[in-house]
Amino acid sequence: VFAGTLLQNVRSMPGVESAAIASYVPLDIHGFPMASFTVEGRPGTDSRPDRALINFVTPDYFRTLGIPQVAGKDFVALNDTTAVPQVIVNQEFVRRYPLGTDPVGQRIRSRNNSFVITGVVKNSFYDSFGEAPIPIMYVSYRDAPRASGEIHIRTRPGAETLLAGSVRQ
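Residues numbered from 1 in each chain as written. Predicted model: local features only at pLDDT ≥ 70, side-chain atom pairs only at ≥ 80, totals over all residues. Heavy atoms only, no water.

**Structural notes on the overall build of the protein chain**
(1) Moving on: Helix and strand counts for the protein chain stand at 4 helices and 9 strands.
(2) Moving on: The linear arrangement of helices and strands in the protein chain, starting from the amino end, is α-β-β-β-α-β-β-α-β-β-β-β-α.
(3) Moving on: Over its C-alpha atoms, taken along the principal directions, the protein chain stretches across nearly 55 × 40 × 30 Å.
(4) Moving on: Evaluated residue by residue, the protein chain yields a buried proportion of 40% over its 169 residues.
(5) Moving on: Considering only contacts within the protein chain whose residues lie at least 6 apart along the sequence, 73% involve residues at least 24 apart. (Helix = DSSP H or I, 4+ residues; strand = E, 2+ residues; numbered from the N terminus. Buried < 20%, exposed > 50% of the residue type's maximum accessible area, 1.4 Å probe, protein only. Contact = heavy atoms within 4.5 Å.)

**Considering the nonpolar core**
(1) Moving on: Among the nonpolar cores identified, the biggest contains 28 residues, and Phe37, Val87, Val89, Phe93, Ile108, Met137 and Val139 are the most heavily contacted of them.
(2) Moving on: Contributing elements (two or more residues each) for this core: α1 (2–11), β1 (16–22), β2 (34–39), β3 (50–57), β5 (86–90), β7 (113–121) and β8 (136–140).
(3) Moving on: Sequence-distant contacts of Val89, defined by excluding residues within four places in its chain, comprise Val94, Ile108, Ile117, Gly119, Val120, Val121, Ile136 and Met137.
(4) Moving on: Counting 14 residues, the second-largest nonpolar core is a separate cluster that includes Ala22, Phe32, Leu53 and Tyr61. (Core = buried A, V, L, I, M, F, W, Y, C linked by side-chain atoms within 4.5 Å.)

**A look at unusual backbone geometry**
In terms of backbone geometry, most residues other than glycine have negative phi values and most peptide bonds are trans.
(1) Moving on: Positive phi outside glycine occurs at Arg111, with the angle close to 55°.
(2) Moving on: Mapped onto the elements of the fold, Arg111 is located in the loop between β6 (107–110) and β7.
(3) Moving on: Taking the relative accessible area as the measure of exposure, Arg111 reaches 44% and is therefore partly exposed.
(4) Moving on: Of note, the phi angle at Asn112 is positive, near 60°, even though the residue is not glycine.
(5) Moving on: Relative to the elements of secondary structure, Asn112 occurs in the loop between β6 and β7.

Shape descriptors only; they carry no functional weight alone.
Right, here's the structure in full:
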């Protein structure tokens, strides 16, 4: 609830195009955590579990960061209580862990939860520029709220300095 209210307030500021919250920031020195997962209906390997980076994000995260969506759709609204738990994966995830002809609608189990893949986004950088593509799972903040997060804001050109004081507040 707090995340939704906070985002509404930020999005209503003049000059803001979009805003989102994420648990981890790309290219931050702390990096992204890894999570083990299984794709439901796909045989796993006994030697080591499938693993991918994980981030917990709100709707509009991909638009705010300029990461194109290549299949499916964005997360449902934070206050939608009817949709199943959701995850969006990147192209490298789909390449490395084959999900059949259409990854959208497949189910992933991670951290004792089951999530439906609702979308696929392009690969981007997570730890450093020039890195090889890394599989990542973006879990909806609605389905796994965090105690803290980082606000990401995309502004209209020229509005960055006008918003600095409002964002600090």
